[in-house]
Amino acid sequence: MKMMTWTQTQTQTQASKQQHKPSLNKQNTQHSEAQRAHASLADLRAEVESLGASQFSKHKKKKYMDEKLSAVHGIRKQKQQRLPQNIGLGIKRKSVERSKKEAEHLRLSGMELSLRSKKLRKKARRAKKAAN
């Protein structure tokens, strides 16, 4: 058994591919032209999208890159760093305080509150009457 070098095996495989090359008929040429046209449109669309993406803001650009990476490479987007629970609870508590303070300020200044707030106040009055 004779050992072949790398180049000899490559030329041998190329020769075998040329021998088994199918003949192109009219349907195959029309199909391949349609594929080329579709591919050129897809390339054009991708180029326009990338040019548009160059003008994105920071957040939109990050979202675009995440989508692009996930579509091309199957990479998931990065998760955000978790906030410690005690800090998150403090932020939530302060937010509730701020909203109550703002609602009180609006009430004192005579501005109308939202319909939802009116409904809640009405419900609270009914509950108060029922308790008495």
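Thresholds applied
- Residues numbered from 1 in each chain as written.
- Predicted model: local features only at pLDDT ≥ 70, side-chain atom pairs only at ≥ 80, totals over all residues.
- Heavy atoms only, no water.
- Helix = DSSP H or I, 4+ residues; strand = E, 2+ residues; numbered from the N terminus.
- Buried < 20%, exposed > 50% of the residue type's maximum accessible area, 1.4 Å probe, protein only.
- Areas by Shrake-Rupley, 256 points an atom, 1.4 Å probe, with all protein chains shown as cover.
- Patch = residues over 30% accessible without salt bridge, like charges linked within 9 Å, V, L, I, M, F, W, Y side chains within 5 Å.
- Salt bridge = Lys/Arg side-chain N within 4 Å of Asp/Glu carboxyl O.
- pLDDT = per-residue confidence, 0-100.
- Phe/Tyr/Trp six-rings, centres within 6.5 Å; stacked < 30°, edge-to-face > 60°.
- Expected span 1.5 Å × (residues − 1).
- Lys, Arg positive; Asp, Glu negative; His and termini not counted.
- Charge placed at Lys NZ, Arg CZ, Asp CG, Glu CD.

1. Thoughts on the overall build of the chain
Along the chain, the regular secondary structure elements total 5 helices and 0 strands. Listing every helix and strand of the chain by position from the N terminus yields α-α-α-α-α. Out of the 132 residues belonging to the chain, those deemed buried represent 2%. For the chain, the accessible surface area stands at approximately 13,600 Å², while carbon and sulfur atoms represent 56% of it.

2. Observations regarding a nonpolar patch on the surface
A contiguous nonpolar surface patch, about 290 Å² in accessible area, is contributed by Leu41, Leu44 and Val48. Along the chain, Val48 falls in helix α2 (residues 26-53). The exposure class assigned to Val48 is exposed, which follows from its relative accessible area of 52%.

3. So, the confidence of the model for the chain
Averaged over every residue, the pLDDT of the chain is 76; the share at 70 or more is 72%. Taken element by element, the chain is modelled with least confidence in helix α1 (residues 6-19), mean pLDDT 57, and with most confidence in helix α4 (residues 85-109), mean pLDDT 91.

4. A few points about the packing of aromatic side chains
Applying the stated criterion across every chain, the model contains 1 aromatic pair. Ring centres of Phe56 and Tyr64 lie 5.8 Å apart, and the angle between their planes is 75°; on these two criteria the pair is classed as edge-to-face. Judged by its relative accessible area of 34%, Phe56 is partly exposed.

5. Topic: helix α3 (residues 58-73)
Here α3 spans 22 Å end to end across 16 residues, near enough to the 22 Å set by a 1.5 Å rise per residue. Backbone geometry just after α3 places Gly74 at a positive phi near 75°.

6. Structural notes on a positive patch on the surface
A cluster of basic residues, Lys119, Arg121, Lys122, Lys123, Arg125, Arg126 and Lys129, forms a positive patch on the protein surface. Secondary-structure assignment places Lys129 in helix α5 (residues 115-131).

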